[in-house]
Amino acid sequence: GSDPSRPTKFAISWLTHRNSDPFESMAMSLLSKLLLDGPNAPMYAALIDSNMALDFAPATGYHHGAREAPFTFGVSGIAPENVKKVEDTIMQVLTKVSEEGFPEERINGILHQTELSLKHRTTNFGMAVSSGLNYAWIHGAVPVERLKIDKLIKRLREELKNGPLFQNLIKKYLLNNQHRVYITMNPDEQYVQKLDEAETSKLQQIQSSLGQDEIGKIIDQAQVLKQRQESVQDVSVLPTIAIDDISPEAPGKDTVLEERTVSGSGNISVPLLAVPQPTNGLTYVKTLFNLNSLPEHLQSYVPLFAMFLTNMGAGKWDFRQLAQELESNTGGIDASVFINWDPQDAGQHSVGLLLSGSCLDAKLEQMFDIMEKIATEPHFEDAERIKSLISQKNIGHAGLFSA
C-alpha cells in the first residue's frame, strides 16, 4: 500500500483563460504535456523522480472543460512537513522553464504525438470529438474552429519560430497570475465516524421537525417503494437480440489475412500474420511471447515485469532516453499479460507477454528497432527507478479504494 508516513496531497491550481480561443487551448494543452508527461518532463523529474512525492494527484494538468480553464500541479504521497518544499519546487521549476524553455526534441516529440492522435481512429471517435467540442461550444466558442487542427499546428510552429511561446504562456498564466488556490489534503482517521454522527444528527433534526401526518406520509411512500422494488419486472420491455438478428456470415469476410514466416535470431522461424487495412497512415504491431514454460512460482510477477519492461530503459538508452525515443518515433509501446482461454475447455489456457505498439508508416523501422531493444536488452539494474514505479502503482491502487 501507500507509505503511511506520507499521507498528504498538495496542489496549486490556477484559473487561466476563457475557453474560447482554440489556439490558446491547444497551446496550453501542449504546455501541460511538456511540463508533466513522462520522465523527461521537468515537473516529473523535480517532484516524482526526486522521490519528493510518490505520484501526481488526480486532476493534475490543464483542463479545458470549464468556462475558465484550470491548470493544476498536484502531488500525492508527501510528508506533511514537506508541503512548503513541494510548493517552492513547483514555482522554481516554472521559473526555470520560463527562462530556459524546453529542448527542441521534446517539443517535436509532443507535436509528433499530436499528429498520431489525429490519425488514430477508435470506435468512439465521433463521440469523443463531439464531447470535446461541447465544452467549448457551451461557453461561446466557435466549435468548427476546434476541428481545424492542421491549421492550429501550422500556426503553433510559426509562433515557436517567432518567439518563446511556451515560456510566455508560463509567465502570463502561471507565474504572474495571482488567481490561484493552494490545497492541502490530509486523511482523517475519524472521518467515517464523524460522517455517521453528522448524518444521525441531521436525521434527528428532520424527524423532530415533522408532524405525525408528515411522518405517516413518508412511511406510506417507503412501503410503496418497497413493493415496487420487490415486484417482478417485465423483462419483455428490454431490448434483446435474437439468433435471427445475427448474420450467419462472419464480419470482415473480405479481410485478407496474410500468413508469412520471418527469420528470427538463431535461424528460428517466426510466424507473422499481416492484415492490410486502411489505417490512415498508421501501422499497428503486436508481438506475442509464449510464457507457458515459465515456472508457476514466477507467473505472478509477470504483470510487474511487463510494467518495468517499457519504463526502465533498453539498449543504449536509459529510461529518460527511451521515453524520448518512444515519444519521437511511436504512438507508444506497451507490454502486458496475454491470457488465451481454450474455447473447448474453460480450464485450459495459455499465458504470454504481449508487446504492442503503433507508429506512422514512415517510422516503422525505428519502431521495430525500439521494440527489439526492449525485448532483448532491457535494463533492470536501477533499483530506485523500480521503487518509484512500484510506489506510483501503489498510489494508483490506493486511489481506487478511496474514490
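Residues numbered from 1 in each chain as written. Predicted model: local features only at pLDDT ≥ 70, side-chain atom pairs only at ≥ 80, totals over all residues. Heavy atoms only, no water.

Q: Teacher, can you tell me more about the packing of aromatic side chains here?
A: How two aromatic rings sit relative to each other is set out by the distance from centre to centre and by the angle between their planes. Evaluation of the coordinates by the stated rule reveals six aromatic pairs. On the numbers, 6.2 Å between centres and 85 degrees between planes, the contact of Phe102 with Phe166 is edge-to-face. In this pair, Phe102 sits in the loop between α3 (83-100) and α4 (104-119) while Phe166 sits in helix α7 (residues 165-175), placing the two residues 64 residues apart along the sequence. With a relative accessible area of 2%, Phe166 lands in the buried category. Taking the ring centre of Phe23 as reference, the NZ or CZ of Arg155 above it sits at 3.8 Å. (Phe/Tyr/Trp six-rings, centres within 6.5 Å; stacked < 30°, edge-to-face > 60°. Helix = DSSP H or I, 4+ residues; strand = E, 2+ residues; numbered from the N terminus. Buried < 20%, exposed > 50% of the residue type's maximum accessible area, 1.4 Å probe, protein only. Lys NZ or Arg CZ within 6 Å of the ring centre and 35° of its normal.)

Q: Would you take a moment to explain the side chain of Thr330 for this structure?
A: By the element assignment, Thr330 lies in the loop between α12 (319-329) and β9 (333-342). Thr330 sits in the buried class, given a relative accessible area of 0%. There is a polar contact of 2.9 Å between the side chain of Thr330 and the backbone nitrogen of Gly332. Those residues in contact with Thr330 that lie beyond four places of it in its chain are His112, Gln113, Leu116, Glu325, Ser358, Cys359, Met367 and Ile370. (Polar contact = N/O pair within 3.5 Å; in protein donor to acceptor, adjacent residues only side chain to side chain. Contact = heavy atoms within 4.5 Å.)

Q: Would you mind going over the pairing of β9 with me for this structure?
A: Each regular strand displays side chains that alternate between the two surfaces of the sheet. Taken together, the 10 bridges between β9 and strand β10 (residues 345-360) define a ladder with antiparallel strand orientation. Of the residues in β10, the one forming a bridge with Ile333 is Gly357. (Pairing = 2+ DSSP bridges.)

Q: Looking at this model, I keep getting lost on the pattern of salt bridges. Mind explaining?
A: Pairing of side chains with opposite charge becomes possible as their charged atoms draw close. The full count for this structure, using the stated rule, is eight salt bridges. When the shortest N-O distance is used, the salt bridge between Arg155 and Glu159 registers 3.6 Å. With a gap of four residues between them, Arg155 and Glu159 both fall in helix α6 (residues 149-162), about one helical turn apart. For Arg155, a relative accessible area of 38% puts it in the partly exposed group. Of the charged contacts, one joins Lys387 and Glu384 as a salt bridge, the two residues approaching to 3.6 Å between their closest N and O atoms. (Salt bridge = Lys/Arg side-chain N within 4 Å of Asp/Glu carboxyl O.)

Q: I'm lost on the sheet that holds strand β8 (residues 282-290) in this one. Help?
A: Strands pair in a sheet through their backbones, by hydrogen bonds, and they do so in one of two ways: parallel or antiparallel. In space, the three strands of this open sheet follow the order β8-β10-β9, with antiparallel pairing throughout. Looking at strand neighbours, the two that pair on one side only are β8 and β9, the edges of this open sheet. Adjacent strand axes in the sheet meet at a mean angle of 30 degrees when their direction is disregarded. Against the sheet, helix α13 (residues 364-376) contacts β8, β9 and β10, and its axis sits at roughly 130 degrees relative to β10. (Axes fitted to C-alpha atoms, helices over the stretch in contact; angles between N-to-C directions.)

Q: It is not clear to me how a nonpolar patch on the surface should be interpreted in this structure. Could you clarify?
A: Residues Val262, Ile268, Val270 and Leu272 make up a contiguous nonpolar surface patch of roughly 290 Å² in combined accessible area. In this fold, Ile268 is placed in the loop between β6 (258-263) and β7 (269-274). Judged by relative accessible area, Ile268 falls into the exposed class, the value being 52%. (Patch = residues over 30% accessible without salt bridge, like charges linked within 9 Å, V, L, I, M, F, W, Y side chains within 5 Å. Areas by Shrake-Rupley, 256 points an atom, 1.4 Å probe, with all protein chains shown as cover.)

Q: Looking at this structure, how should I read unusual backbone geometry?
A: Note on backbone geometry: most residues besides glycine have negative phi, and most peptide bonds are trans. One non-glycine residue, Asn51, adopts positive backbone phi at about 70 degrees. By the element assignment, Asn51 lies in the loop between α2 (42-49) and β2 (55-56). Take Asn51: its relative accessible area is 45%, and that puts it in the partly exposed class. Despite not being glycine, Asn280 shows a phi value in the positive range, around 60 degrees. You can see Asn280 is positioned in the loop between β7 and β8.

Q: What is the right way to read the nonpolar core from this model?
A: Taken as a class, soluble globular proteins show a tendency for nonpolar side chains to be buried jointly. In this structure, Leu35, Met43, Phe73 and Leu94 are the most contacted members of the largest nonpolar core, which totals 48 residues. Secondary-structure elements contributing two or more residues to this core are β1 (8-18), α1 (22-36), α2, β4 (68-78), α3, α4, α6 and α7. Counting residues per element, this core draws most heavily on α1, which supplies nine residues. Discounting residues that sit within four places of it in the chain, Phe73 has contacts with Phe10, Ala11, Ile12, Trp14, Leu35, Leu36, Met43, Thr60, Ile90, Leu94 and Leu174. In terms of nonpolar packing, the next biggest core, distinct from the first, is built from 19 residues, Trp317, Leu322, Met367 and Met371 among them. (Core = buried A, V, L, I, M, F, W, Y, C linked by side-chain atoms within 4.5 Å.)

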